[in-house]
Structure formats: structure tokens, C-alpha cells
Amino acid sequence: MKKSNCFCYCILPIALCAAMLGGCGASAASSSAMESGVFTDSAPLKVMVSFYQMYDSSMPDSITEMLSGPMKLVMSLMGGNGKPKAGCEIKTQYCTAIPIGTALAQSFDPAFVKQCGDIVGEEMERFGVHLWLAPALNIHHSIRCGRNFEYYSEDPLVSGKMAAAMTRGVQAHKGCGTTIKHYAANNKEYNRTRNNSIVSERAMREFYLKGFGICVRESQPKAVMTSYNLLNGIHTAENRGLIMDILRAEFGYEVIVMTDWVTPMTGDARSANRDSQAQYVAAAGGDLFMPGNEGDYDNLLQGIDSGAVTLEQVKINASRVVRTARALTQE
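Residues numbered from 1 in each chain as written. Predicted model: local features only at pLDDT ≥ 70, side-chain atom pairs only at ≥ 80, totals over all residues. Heavy atoms only, no water.

Draft legend 1. View of the pattern of salt bridges. Evaluation of the coordinates by the stated rule reveals 11 salt bridges. The closest approach of N and O atoms between Glu-122 and Arg-126, which form a salt bridge, is 2.8 Å. Taken together, the residues Glu-122 and Arg-126, both in helix H5 (residues 110–127) and four residues apart, mark about one turn of the helix. On the basis of relative accessible area, Arg-126 is assigned to the exposed category, the value being 53%. (Salt bridge = Lys/Arg side-chain N within 4 Å of Asp/Glu carboxyl O. Helix = DSSP H or I, 4+ residues; strand = E, 2+ residues; numbered from the N terminus. Buried < 20%, exposed > 50% of the residue type's maximum accessible area, 1.4 Å probe, protein only.)

Draft legend 2. Focus on the sheet that holds strand E6 (residues 234–235). Spatially, E3-E5-E6 is the arrangement adopted by the three strands of the open sheet, whose pairing is mixed. In this open sheet, the two strands that pair with only one neighbour each are strand E3 (196–197) and E6. As judged from the two bridges shared by strand E5 (residues 230–231) and E6, these two strands associate in the antiparallel manner. Bridge assignment links Leu-230 to a residue of E6, and that residue is His-235. (Pairing = 2+ DSSP bridges.)

Draft legend 3. Layout of the packing of aromatic side chains. Considering all chains together, one arrives at two aromatic pairs under this definition. Both rings, one in Tyr-183 and one in Phe-212, keep their centres 5.1 Å apart while their planes meet at 75°; by these two values the pair is edge-to-face. With Tyr-183 in strand E2 (residues 177–183) and Phe-212 in helix H8 (residues 210–219), this pair connects stretches of sequence that are 29 residues apart. For Tyr-183, a relative accessible area of 0% corresponds to the buried category. Ring plane angle 80° and centroid distance 4.9 Å describe the contact between Phe-207 and Tyr-208, whose orientation is recorded as edge-to-face. When its relative accessible area of 24% is taken as the criterion, Phe-207 is described as partly exposed. (Phe/Tyr/Trp six-rings, centres within 6.5 Å; stacked < 30°, edge-to-face > 60°.)

Draft legend 4. Seen up close, the nonpolar core. Ranked by internal contacts, the top residues of the largest apolar core, which has 53 residues, are Tyr-183 and Met-204. In terms of residue count, helix H6 (residues 156–171) provides more of this core than any other element does, seven residues in total. Ignoring sequence-local partners within four residues, the contact set of Tyr-183 consists of Leu-209, Phe-212, Val-224, Met-225, Thr-226, Ser-227, Thr-236, Leu-242, Ile-246, Leu-247 and Phe-251. Judged by nonpolar contacts, the second largest core, of nine residues, contains Ala-237, Val-281, Ala-282 and Val-309. (Core = buried A, V, L, I, M, F, W, Y, C linked by side-chain atoms within 4.5 Å. Contact = heavy atoms within 4.5 Å.)

Draft legend 5. Representation of the environment of Lys-174 within the structure. Structurally, Lys-174 is set in the loop between H6 and E2. Considering only alpha carbons, one finds Lys-174 and Leu-328, 154 residues apart in sequence, at a separation of 7.5 Å.

Draft legend 6. Local environment of the sheet that holds strand E7 (residues 256–258). Strand order in the open sheet formed by four strands is E1-E2-E4-E7, and the pairing between neighbours is parallel. Edge positions in the sheet fall to strand E1 (131–132) and E7, since each has one partner strand and no second. Relative to strand E4 (residues 223–226), E2 runs parallel, the two being bridged by three bridges. By the bridge assignment for E4, Ile-180 is matched with Val-224.

Draft legend 7. Focus on H8. Burial of H8 is extensive: seven of the 10 residues sit out of reach of the surface. Within the span of H8, buried status applies to Gly-211, Phe-212, Gly-213, Ile-214, Cys-215, Val-216 and Ser-219. The secondary structure elements touched by the buried residues of H8 are H6, E2, helix H7 (201–208) and helix H9 (240–250).

Quick look at the structure:
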């Protein structure tokens, strides 16, 4: 697949936060309107400020005036001084900010959502992006889930229909695919990479899985991303029943399954549960262990040597990745 700085698109709130941070790969001009010099003088940021000033005359001219002292310090550490590093190639890619997932679902209009997907697909073509790490269709099960704005609904029918419409819009474009996520029962923020969701089969089928089934059957997205959490004691990424029996055999899914980004910093050392491991993900029929490093490669080899995963299964997984890569780059 082609390399691109714009591997995935961000919906409005995240896109605006990203636009506020300077550094390599972002717009790096300094802003005279921002006394601290923390943020870049980016077009999306100007739009955000002017939009709010339209409706609230008390909106400060400088974003930094809105922040508390500790938050200013954190943002300064994250954003630096807005100047690019020596020798850094600056690339700016402006993407259309479509409404957040919850707002799209409230339209109850799949045709409109498909049009939004068409916008995303057109820009993916323009920037050479093949896989969009969206849409997310987790259920709004708890108001404490910090990413609810990304998700469509507390109703699995609405979630499934909207994700399918978005996928059809994106995948109408040559070489473009969606990655629906997070599969499944991912609704908790605390210890989110190692928490164990205890769910009955009836609740899974009537609530947590239904939207994914609808989306797969109606649009066949190019990728499915598993969730961090364990499901009844087994990581979703290592759950062969969830991936092979339900997703592939029952829903008819044919393309690749990837993990969410498993990195040491995301885990809580106090947790009774470990992170998912490459050898068990491969054994469950997972095709991509993300982001992947040498340790994960060694773990997979250990699994082959110990018999935890067969070489035949690894070849099957790899073949799906190759077929998908060819399909996305040669269509």
C-alpha cells in the first residue's frame, strides 16, 4: 500500500485538536494571535475560533486564554514552539470535517451518511490513502465512554445501518476501504486495554454484535478492528469464536481482521489481565497485529515452535493481507 502522512481521517473534535499542535508533518507557521507560540497558525484553528466568536462575543482571541495553567503546560510540552525540526519535510493535508458519528446517526438518513462517506473516499483517493480507520460503531452503553461522540447510537440497528452507509460511500472509490471497529463489547474507558467484559450470549447477539453483522452483510468493509478488552476472559483479538465462527462463518466476512494498537504504554500494570499477544491473535484468525514490532514477531515464532499456532494458519492470515493489499492498490 502507498505510504501517506494521512493514514486515517479524524472527525471534527479530534481534527481540530490535531490542528492546534505544531511539529513535523503539520502546518508550522507561528501565530501572532497566540501569545504563547504553542499552537500553529492553521486554517482549521482560525475557522474554529471565528465560528465560536460568531455566537459568543466573550470567546477570547487566543485559544491559550481558554486553558488553565496546568493545561497550558501540558499543551506546550505536546506542541513545542510550533517550529519544524531541521530537515523536516512539511506536508499539509486539509480534510473536510464531516459531522461526528452521533450527529450523523441522529439524521436517520443513510443516504446522507453515504454522501459523507463519498467525501471521505474522494479525499482518500486524492491523498493516496487506502484504509480509513473508521467508522466506529460501538454502542453508547455508558456515558463514561470518552469516545462516544465517534460512535453512532445506543441502538445496534441504527449503528449497523449508518456504518454500512458510510462504508458504501467510501468504498465506491477506487482503492479505498473502511475499518469498522471496535469488535466487540468495547464500552469502558478505565483500564480499557485489559478490562474483562462479562456478557451473556443473548446480550452479545441482540446488542453488541448486531450492528457489526448488519454492516458486514450490507457493505463488506475492507477491514475489521478488534477491541482491546477481554470478552468473558478472552481477548477479543484472540477469540476464535468471535472472529472465525461469528464474523466470518455467520456474518460472511471475507477480508482482513486487525487488532487495535497494542503498545506497552496503554496497559495498566495493576491489571490481572495481560495484553493480547501475536501468537494467540494469529491462532484466532487475526491477520494483522498492530502496530507490530520485533518482539511481536518473536512472539509469533515462539507460538509456531510451541504449537500455539500452526504455520498453516499463519499462511492463511498472511494470504488475506496480500489479497487485500492487491485489491486496494490494483482496482
